[in-house]
Amino acid sequence: MGKTILVLTGSPREGGNSDQLAEAFIRGACGAGNSVLRYNAARKQIGPCIGCQSCAGGNGDCVAKDDYAELVDYLRRADAIAIFTPIYWLSWPAGLKAAIDRFYSFYCSETQTRVKESIMVVCGEAADLSFYDPMVKTYEMTADLMHWENKGHIIVPSVGEPGAVQQTPAIAGMEKIGTYF
Ligand SMILES: Cc1cc2nc3c(=O)[nH]c(=O)nc-3n(C[C@H](O)[C@H](O)[C@H](O)COP(=O)(O)O)c2cc1C
């Protein structure tokens, strides 16, 4: 039986490199009988976590009423999460960072999502892989804190212009990785 995969994307540049990687992954995943819930954090209205602690002792819900509620619903329905994002200033783009900060609603309430496993795919202009180290570490520790089995991360370096990713083997690779779920 297929899995439900939450594809969480982070780029504000619609149809750019990370979106194209996500689409290839989705083709592979759906072709293998999985279903996908897609959430583009950059296109949602998600305010910052204000540290109000109202989520303590709760069930993972956040009291702030915005588009994070939809992500909470997806996190409760998905078996796996696949994050596709560009690197922005050594980290997640702001919209995705806001969404990930809000995962605190689960952490603080010691509630688990349904998600059991995760991957992260990050693309960027830098060729030097050490520039991606802070992001990889953040992802790895996020997976750990969320009790997700980290199935790994993929760095797609040296892609700047939108569509540059099409000249790399990563698109074919993503389609294949989609079938592994
Ligand atoms: C605000 C901003 C910050 C960026 N910071 C980095 C960075 O720290 N390292 C890097 O390699 N590329 C950086 N880039 C380049 C993007 O990661 C790169 O163009 C990527 O392919 C964009 O993916 P997208 O088409 O999915 O938006 C930055 C781009 C922008 C607009």
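Residues numbered from 1 in each chain as written. Predicted model: local features only at pLDDT ≥ 70, side-chain atom pairs only at ≥ 80, totals over all residues.

### So, the overall build of the chain
A count of helical and extended segments in the chain gives 6 helices and 5 strands. Counting helices and strands in the order they occur from the N terminus, the chain gives β-α-β-α-β-α-α-β-α-β-α. Relative to a compact globule of 181 residues, whose C-alpha radius of gyration would be 16 Å, the chain shows 16 Å and is just as compact. Reported as C-alpha extents along the three principal axes, the dimensions of the chain are approximately 50 × 40 × 25 Å. For the chain, the residues scored as buried account for 39% of the 181 residues in total. Contacts in the chain between residues at least 24 apart in sequence constitute 81% of all its contacts with a sequence separation of at least 6. (Helix = DSSP H or I, 4+ residues; strand = E, 2+ residues; numbered from the N terminus. Rg over C-alpha atoms; globule rule 2.2 N^0.38 Å. Buried ≥ 20, exposed ≤ 12 C-beta atoms within 10 Å, placed from the backbone. Contact = placed C-beta atoms within 7 Å.)

### Describing the pairing of strand 4 (residues 117-123)
Burial of strand 4 is extensive: 6 of the 7 residues sit out of reach of the surface. Alignment of strand 3 (residues 80-86) against strand 4, held across 7 bridges, turns out to be parallel. In the strand pairing of strand 4, A80 is matched with E117. Bridge count between strand 4 and strand 5 (residues 149-156): 6 bridges; the pairing is parallel. Each bridged residue has a counterpart across the sheet, and for V122 the counterpart in strand 5 is I155. Between the parallel pair strand 4 and strand 5, the chain is carried across by helix 5 (residues 133-145), and the sense of this crossover is right-handed. (Pairing = 2+ DSSP bridges. Right-handed = clockwise from strand over helix to strand, strands pointing away.)

### Some remarks on the site of the ligand
Contacts to the ligand come from 19 residues, most closely from G16, S18, P86, G124 and A126. Per element, the largest residue contribution to the shell around the ligand is 3 residues, and it comes from helix 1 (residues 17-31). Its residues assigned to classes, the shell around the ligand comprises 10 nonpolar, 6 polar and 3 charged. (Near = placed C-beta within 6 Å. Nonpolar A, V, L, I, M, F, W, Y, C, P; charged D, E, K, R; others polar.)

### A closer look at the environment of L96
Structurally, L96 is set in helix 3 (residues 94-101). Considering only alpha carbons, one finds L96 and L75, 21 residues apart in sequence, at a separation of 15 Å. In contact with L96, other than residues within four places in its own chain, are G10, A41, A42 and T85.

### Structural notes on unusual backbone geometry
Residues apart from glycine generally show negative phi values, whereas peptide bonds are mostly found in trans. Residue W89 is not a glycine yet carries a positive backbone phi of 45 degrees. Note on placement: W89 falls in the loop between strand 3 and helix 3. Backbone geometry places L90, a non-glycine residue, at a positive phi of 65 degrees. In this structure, L90 sits in the loop between strand 3 and helix 3. Given 13 C-beta atoms within 10 Å, L90 falls into the partly exposed group.

### Things to note about the nonpolar core
What tends to happen in soluble globular proteins is that the nonpolar side chains get buried as a cluster. Core analysis: the largest hydrophobic core is formed by 51 residues, its most contacted members being L6, V7, L21, F25, A82 and V121. Put simply, the parts of the chain that give this core at least two residues each are strand 1 (4-9), helix 1, helix 2 (68-77), strand 3, helix 3, strand 4, helix 5 and helix 6 (170-179). Sorting elements by how many residues they give to this core places helix 1 first, with 6 residues. Once you skip the residues sitting within four places of it in the chain, A82 turns out to touch I5, V7, F25 and I119. (Core = buried A, V, L, I, M, F, W, Y, C linked by C-beta atoms within 7 Å.)

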